[in-house]
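Chain and residue survey
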Amino acid sequence: MADVWMKYCTRQARCKWCEEPILNGSPMVMVKIWKGKEGIERKYTITLRFHPDCWIKQAMANLDKEPPPTRKLPLSEEDSKTRKRLIRKYATTKHRLKVALDGGNYTGYRIDKLMCKLWDIRNQIELVGGVPKEWPELKETTIRSQ
Ligand SMILES: [Zn+2]
């Protein structure tokens, strides 16, 4: 936990980042880091002072330690087609399975085969953009209720 604010320097201080003095009357960034547990024991603090520019620099340096979130690449035309085909295939297969589960004259073997097919489609679509959010977990109960 840290509190950060800016104020005018009233007493010359040393910048934590560049170690140059922060002159009296110039703006500075104050950072108060709370030590101890959250809540009652938040008594002990460390206060750091920065030139405003240096505050940005150190923040950027910290930020660079973590890679920026990767944005998903748009699918190629080919992959996009594959994805659409898989979505259609999934819908028909799921419909067949639902009919089977609802007491159509399919055997257990048929149900297993359809389940496998759905899993297969899921695995395939994982490679072309990931499993759609709308696809529920593959369980007999979720298929029945749809
Ligand atoms: Zn500085």
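Everything here concerns the structure above.
If you're wondering where the values come from, they're calculated on a predicted model, not measured in any experiment. (Residues numbered from 1 in each chain as written. Predicted model: local features only at pLDDT ≥ 70, side-chain atom pairs only at ≥ 80, totals over all residues.)

**Looking at unusual backbone geometry**
In plain terms, the rule: Where helices and strands are cited, they refer to DSSP runs of H or I of at least four residues and of E of at least two residues respectively, numbered from the N terminus. Any residue with 12 or fewer other C-beta atoms within 10 Å of its own C-beta is exposed, any with 20 or more is buried, and the rest are partly exposed; the C-beta atoms used are placed from the backbone.
Positive phi, normally seen in glycine, also occurs at Glu-19, with a value near 65°. Inspection of the secondary structure assignment puts Glu-19 in the loop between strand 2 (13-14) and strand 3 (21-22). Overall, the presence of 8 C-beta atoms within 10 Å leaves Glu-19 in the exposed class.

**Quick word on the packing of helix 2 (residues 77-101) against helix 3 (residues 108-126)**
To keep it simple, the criterion reads: Note on geometry: axes are C-alpha line fits, over the in-contact stretch for helices, and angles between N-to-C directions span 0 to 180 degrees. In these notes the angle categories are as follows: under 35 degrees is roughly parallel, over 145 is roughly antiparallel, 65 to 115 is roughly perpendicular, and the rest is oblique. We call a crossing left-handed when the near helix sits turned anticlockwise from the far one by less than a right angle, and right-handed when that turn is clockwise. Here contacts are defined at the residue level, using C-beta atoms placed from the backbone and a cut-off of 7 Å between them. When residue character is reported, Ala, Val, Leu, Ile, Met, Phe, Trp, Tyr, Cys and Pro are called nonpolar, Asp, Glu, Lys and Arg charged, and the others, Gly included, polar.
Following both chains from N to C, one finds helix 2 and helix 3 inclined at 160°, their axes separated by 9 Å at the closest point. Relative to helix 3, helix 2 is oriented roughly antiparallel. The way helix 2 lies across helix 3 gives a crossing that is left-handed. Contacts between helix 2 and helix 3 pair Arg-83, Leu-86, Lys-89, Tyr-90, Thr-93, Lys-94, Arg-96, Leu-97, Ala-100 and Leu-101 from the former with Arg-110, Ile-111, Leu-114, Met-115, Lys-117, Leu-118, Ile-121, Gln-124 and Ile-125 from the latter. Counted by class, the contact of helix 2 with helix 3 contains 11 nonpolar, 2 polar and 6 charged residues.

**Description of the sheet that holds strand 4 (residues 27-34)**
Using the following cut-off: For two strands to count as paired, DSSP must find a minimum of two bridges between them.
Read from one edge to the other, the open sheet built from 3 strands follows the order 1-4-5, with strand pairing classed as antiparallel. At either margin of the open sheet sits one strand with a lone partner, and together these are strand 1 (2-8) and strand 5 (45-50). On average, each strand axis in the sheet is tilted by 25° relative to the strand beside it, whichever way the strands run. Here 7 bridges tie strand 1 to strand 4, and the two strands are oriented antiparallel to one another. Bridged to Met-6 within strand 4 is Val-29.

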